[in-house]
Amino acid sequence: MIRVLIVVIRASSCTSDSASSAYTWSSNLNALAKDFRVVCFDKLGQGFTDNPPDDDYTMRAVVRHAREFIGALKLPPVHLVGHSRGGYAAMRMALEDHDLVKSITIVNSGTLSPGVGTNEVVLSRPPFPRGTRECVRWVYENYSFAPAVVTEEWVDAVMETLALPKYQASIRKMEGEKLATKLFLPELARQKRDTLQWIAEGRLQRPVQVVWGFNDRTAVIERGIELFQLIAAHERRAQFHVINQSGHFPFREHPDRFNRLLAGFVAANS
């Protein structure tokens, strides 16, 4: 049977100093594709995927788009991999559509884990004008443990996304029209409360591994541990893995180690 990995990208909000796309996983896809069918897609409003309607800049719309994307591919139950806000999207899909999901891997998801994030503090004062190449590099270097992991190619990919007209339109919506504070974040807070409550009630019933970069200053490891404890209280197949000398992107800072963890977990739960 074909084992399908669906990688949900780091589903960040639309901001003028960072942008996510499937390129974020470029260090992992070829190696994983030797053993699995790997599908990595841009979430709604990110990368090269179109923006949502003006009144639906919400995580609910992101989850719906991801679910419908997977459904359109007519795949068997898939192994979801979600990083950061993508981890929230992956978990929400698994809770809402059990039959769609074989297992879940959550990576450094401050959005999903209990507690308050610190990325707004860590990244709040860039020393360069927002939207510039220097600012993008500074943001991703501060996300990472080793600044050298932020290559010119990675910065190129971010700058390409930032320059897209549809992405500039989303920035105007989220920042200029304040949809981030008026719509996106309040709706996400309500959804997150429900999501954590469902996990606490034992509704998940799928193998889960939580992978966390030990040195992430934007989603500290204590939050990853708390998330794991919440899941493990009802799911005996839950696993927790820490990758040392790694920030918010352990799969980029230590791709071989991350790939081994992911491949082993998927193989054991196929």
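A short tour of the structure in this document, coming up.

What counts and what doesn't
- Residues numbered from 1 in each chain as written.
- Predicted model: local features only at pLDDT ≥ 70, side-chain atom pairs only at ≥ 80, totals over all residues.
- Heavy atoms only, no water.
- Phe/Tyr/Trp six-rings, centres within 6.5 Å; stacked < 30°, edge-to-face > 60°.
- Helix = DSSP H or I, 4+ residues; strand = E, 2+ residues; numbered from the N terminus.
- Buried < 20%, exposed > 50% of the residue type's maximum accessible area, 1.4 Å probe, protein only.
- Lys NZ or Arg CZ within 6 Å of the ring centre and 35° of its normal.
- Core = buried A, V, L, I, M, F, W, Y, C linked by side-chain atoms within 4.5 Å.
- Contact = heavy atoms within 4.5 Å.

## Quick word on the packing of aromatic side chains
A complete count under the given rule lists 11 aromatic pairs for this structure. Here the aromatic rings of Tyr-140 and Tyr-143 are separated by 5.9 Å at their centres, their planes lie at 50°, and the arrangement is tilted. With Tyr-140 and Tyr-143 both in helix H5 (residues 133–143), this residue pair falls 3 residues apart, about one helical turn. Here Tyr-140 falls in the buried class, since its relative accessible area comes to 2%. A relative accessible area of 4% places Tyr-143 in the buried class. Following the ring pairs from residue to residue traces out a cluster consisting of Trp-25, Tyr-140, Tyr-143, Trp-154, Phe-249, Phe-251 and Phe-258. In this structure, Arg-252 is placed above the aromatic ring of Trp-154, and the distance from its NZ or CZ to the ring centre is 4.4 Å.

## Some words on the nonpolar core
One finds Ile-6, Leu-80, Met-91, Ile-104, Ile-106, Leu-204 and Ile-231 to be the most contacted residues of the largest nonpolar core, which totals 44 residues. Mapped onto this core, the elements with two or more residues apiece are strand E2 (37–41), helix H2 (59–72), strand E3 (78–83), helix H3 (85–96), strand E4 (101–107), helix H8 (179–200), strand E5 (208–213) and helix H9 (221–232). With sequence-adjacent residues up to four places away left out, Ile-6 is seen in contact with Val-39, Phe-41, Ile-70, Leu-75, Val-78, His-79, Leu-80 and Val-81. Core analysis: the second largest hydrophobic core is formed by 33 residues, Val-158, Leu-164, Tyr-167 and Leu-262 among them.

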